[in-house]
Amino acid sequence: MEPTQNVTEFILLGLCHNEKLWPVCFVLFLLLYITTVLGNLLIIVTVKSSQYLKSPMYFFLSYLSFVDMCLSSVTAPKLIADFFVERKTISFDGCIAQLFVAHFFGCTEIFLLTVMAYDRYIAICKPLHYTTIMTGCVCGSLVMTSWVGGFVHSMVQTVLTIQLPFCGPNKIDNYFCDVVPLLKLACTDTYLVGIMILANTGLISLTSFLVLVVSYVIILVSLRTRSSEGHRKAISTCASHIAVVIIFFGPCIFMYLRPSTTFSVDKMVTVFYTIVIPLLNPLIYTLRNKEVKNSMRKLGSRKVTLGVKGKMRCLE
């Protein structure tokens with residue numbers, strides 16, 4: 001039987017119910033979103049234009065920045081625009097599309113972080129074979145695998161959700177469409193679907209996180225035989241990635257590795273992993289990485305020099 005779809009749109013209850021705070025929230029999230037886009041875009045341009053950032057680590061970093069920028073763009077513009085309207089709605093098709101794209105970029109980021117951990121493992125534990133293992137073809141294949149994995153995961157989530165009948169309540173107590181809130185609105189028993197979603201999203205997050213933890217434990221153990229200078233450099237290289245892994249996987253595991261229940265902090269957690277984390281990633285990687293900071297300075301000075309030369313030519 002075809003699922004009964006009497007719902008043509010969903011009402012988003014939003015992030016803040018106090019209308020007096022809407023202008024403040026609008027300015028705050030607009031600044032966060034602009035900073036996120038510009039920060040990640042700066043990393044992408046820096047990596048692509050710098051001759052010193054050609055290693056696989058920065059190749060993966062540029063794709064991570066692109067995914068972060070896209071992940072933030074899935075939810076932030078709608079959230080910002082909704083601060084101007086009292087009745088926040090999204091069409092059924094728009095809701096499903098938002099769910100698909102959010103999970104696509106979110107899961108792709110999980111796989112990219114795992115790939116970056118593998119890259120660090122090879123670089124530190126097998127430095128003599130690094131260039132022969134992490135070739136351009138291998139790096140491209142790993143990135144493509146991350147995209148395909150994100151697509152397959154998102155397709156499963158979307159198919160499981162779109163098959164549910166929605167025939168009554170249409171209010172989502174959130175600022176964007178996600179699987180868990182939609183399960184609560186379905187006019188059927190969603191226990192089995194909830195278990196499948198738990199296995200699809202929660203176990204992917206948990207398994208990837210455990211793989212990452214094990215890889216860094218192996219890296220730390222291997223560093224015991226290194227000199228103090230080599231130990232410090234390797235730790236510094238991995239520290240940024242470890243920080244990103246912790247702040248990204250924590251909210252994901254909290255949201256999806258549990259029964260379909262709602263907690264009061266759920267909105268804050270979703271804000272953290274859809275808006276705040278894409279902003280933190282460029283900050284973490286640039287503040288702790290001297291090569292990226294130096295390349296950004298050179299990029300800035302190059303643009304200033306070109307600008308001055310251009311003005312002088314105009315004056316001539």
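How each quantity is defined
- Residues numbered from 1 in each chain as written.
- Predicted model: local features only at pLDDT ≥ 70, side-chain atom pairs only at ≥ 80, totals over all residues.
- Heavy atoms only, no water.
- Helix = DSSP H or I, 4+ residues; strand = E, 2+ residues; numbered from the N terminus.
- Buried < 20%, exposed > 50% of the residue type's maximum accessible area, 1.4 Å probe, protein only.
- Contact = heavy atoms within 4.5 Å.
- Core = buried A, V, L, I, M, F, W, Y, C linked by side-chain atoms within 4.5 Å.
- Axes fitted to C-alpha atoms, helices over the stretch in contact; angles between N-to-C directions.
- Parallel < 35°, antiparallel > 145°, perpendicular 65-115°, else oblique.
- Left-handed = near helix turned anticlockwise from the far one by under 90°.
- Phe/Tyr/Trp six-rings, centres within 6.5 Å; stacked < 30°, edge-to-face > 60°.

A. Seen up close, the overall build of the protein chain. Across its full length, the protein chain carries 10 helices and 3 strands. Reading the secondary structure of the protein chain in the N-to-C direction produces β-α-α-β-α-α-α-β-α-α-α-α-α. The 316 residues of the protein chain split such that 47% are buried. In the protein chain, of all internal contacts separated by at least 6 residues, the share reaching a separation of at least 24 is 81%.

B. View of the nonpolar core. Among the nonpolar cores identified, the biggest contains 64 residues, and Phe29 and Phe105 are the most heavily contacted of them. Looking at this core element by element, the count peaks at 13 residues for helix 2 (residues 56-82). Dropping the residues within four chain positions of it, Phe29 is found in contact with Leu15, Leu79, Ile80, Phe83, Val271 and Ile275. The next biggest cluster of nonpolar side chains, apart from the first, holds 20 residues, and it includes Val7, Phe10, Phe92 and Phe166.

C. The arrangement of the packing of helix 5 (residues 136-162) against helix 7 (residues 191-222) in detail. Running from N to C, helix 5 and helix 7 point in directions that differ by 160 degrees, and their axes come no closer than 10 Å. When the axes of helix 5 and helix 7 are compared, the pair comes out roughly antiparallel. Here helix 5 and helix 7 pass one another in a crossing that is left-handed. On helix 7, the residues that touch His153, Val156, Gln157 and Leu160 of helix 5 are Val193, Met196, Ile197, Asn200, Thr201 and Ile204.

D. Representation of the packing of aromatic side chains. Tallied over the entire structure, the rule returns 16 aromatic pairs. Look at Phe29 and Phe83: their rings are 6.1 Å apart centre to centre, the planes differ by 20 degrees, and that puts the pair in the stacked class. Of this pair, Phe29 sits in helix 1 (residues 22-49) while Phe83 sits in the loop between helix 2 and strand 2 (89-91); the two residues are 54 residues apart in sequence, bridging distant segments of the chain. Each member of the pair, Phe29 together with Phe83, is buried. The structure contains a cluster of three or more aromatic residues connected by ring pairs, namely Phe66, Phe100, Phe104, Phe105, Trp147 and Phe151.

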